[in-house]
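Chain by chain, the residues:
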Amino acid sequence: MAGKGTPATALLTKRKVAHTVHSYEHDPRESSYGLEAVAALGVAEERVFKTLVAEVDGKLTVGVVPVTGQLNLKALAAAVGGKRARMADVEAAQRATGYVLGGISPLGQRTRLPVVVDASARRFDTVFCSGGRRGLEIELAPDDLVALTAATVAPIAG
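Here we take up the sheet that holds strand S6 (residues 127-130). Read across the open sheet, the 3 strands follow the order S1-S7-S6; overall the sheet is antiparallel. Edge positions in the open sheet fall to strand S1 (19-23) and S6, since each of these has one partner strand only. Each neighbouring strand pair of the sheet contributes to a mean axis angle of 30°, computed without reference to strand direction. Here helix H1 (residues 7-14) sits on the sheet in contact with S1 and strand S7 (136-140), set at roughly 25° to S7.

A few words now on the layout of surface pockets. A water-sized probe rolled over the atoms picks out the places where empty space is left. Here the largest pocket is characterised by a volume of approximately 500 Å³. Around the largest pocket sit 31 residues that line it, and Tyr33, Lys50, Thr51, Leu52 and Gly102 are the ones nearest its centre. Mapped onto the lining of the largest pocket, the elements with two or more residues apiece are helix H2 (33-41), strand S2 (49-56), helix H4 (90-97), S6 and S7. Its residues assigned to classes, the lining of the largest pocket shows 16 nonpolar, 9 polar and 6 charged.

The next subject is the sheet that holds strand S3 (residues 59-66). Taken in spatial order, the 5 strands line up as S4-S2-S3-S5-S8 in an open sheet, and their pairing is mixed. Each of the sheet's edge strands pairs with one partner strand only, and the pair in question is strand S4 (85-87) and strand S8 (152-154). The mean angle between the axes of side-by-side strands here comes to 35°, regardless of whether they run parallel or antiparallel. With 3 bridges joining them, strand S5 (residues 115-118) and S8 adopt parallel strand pairing. Note that in S8 the partner of Asp118 across the bridge is Ala154.

Bringing unusual backbone geometry into the picture now. Unusually for a residue other than glycine, Lys16 sits at a positive phi of about 55°. Here Lys16 is to be found in the loop between H1 and S1. Phi is positive for Ala150, close to 50°, though the residue is something other than glycine. Of note, Ala150 is situated in the loop between helix H5 (142-149) and S8. Its relative accessible area of 53% is what places Ala150 among the exposed residues.

The rules behind these values
Residues numbered from 1 in each chain as written. Predicted model: local features only at pLDDT ≥ 70, side-chain atom pairs only at ≥ 80, totals over all residues. Heavy atoms only, no water. Pairing = 2+ DSSP bridges. Helix = DSSP H or I, 4+ residues; strand = E, 2+ residues; numbered from the N terminus. Axes fitted to C-alpha atoms, helices over the stretch in contact; angles between N-to-C directions. Contact = heavy atoms within 4.5 Å. 1 Å grid on protein atoms, 1.4 Å probe; cavity = no way out; pocket = protein on both sides within 12 Å on 5 of 7 lines; lining within 4 Å. Points joined across faces, edges and corners; volume = space filled by probe spheres on them. Nonpolar A, V, L, I, M, F, W, Y, C, P; charged D, E, K, R; others polar. Buried < 20%, exposed > 50% of the residue type's maximum accessible area, 1.4 Å probe, protein only.

Okay, here's the thing in structure tokens:
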């Protein structure tokens, strides 16, 4: 993996946060990046989280939810004190985060966006989230994920 670091992995190393990097060969035909990670890594699906970018009252906001769940947009808006939410335009999400779709990490984003992590993450000692590219997952403690992203924790998965 030399030379294949990402802003997410660089942040974890810089902050000396305990984590494990897991990589696998991404299949470009795969439509669900999160479920692909579950199958490739052989971990419980409720421990693998996807990073979704939405607009809350016109401001980009990140929701981190289990790959098997859906982002509840009303709950996301409420968690950040907003009224209305909708999924963000893919190009806007990629531009703001610096990552490509399927590889958007909540960590090390180009623009610091508000982050909300689903409360279910706290049920586990470690969770998995994107490491910043397709085929790269980071395993870390949910409290470290919350601290590094200055996230709000709320029930946002439907």
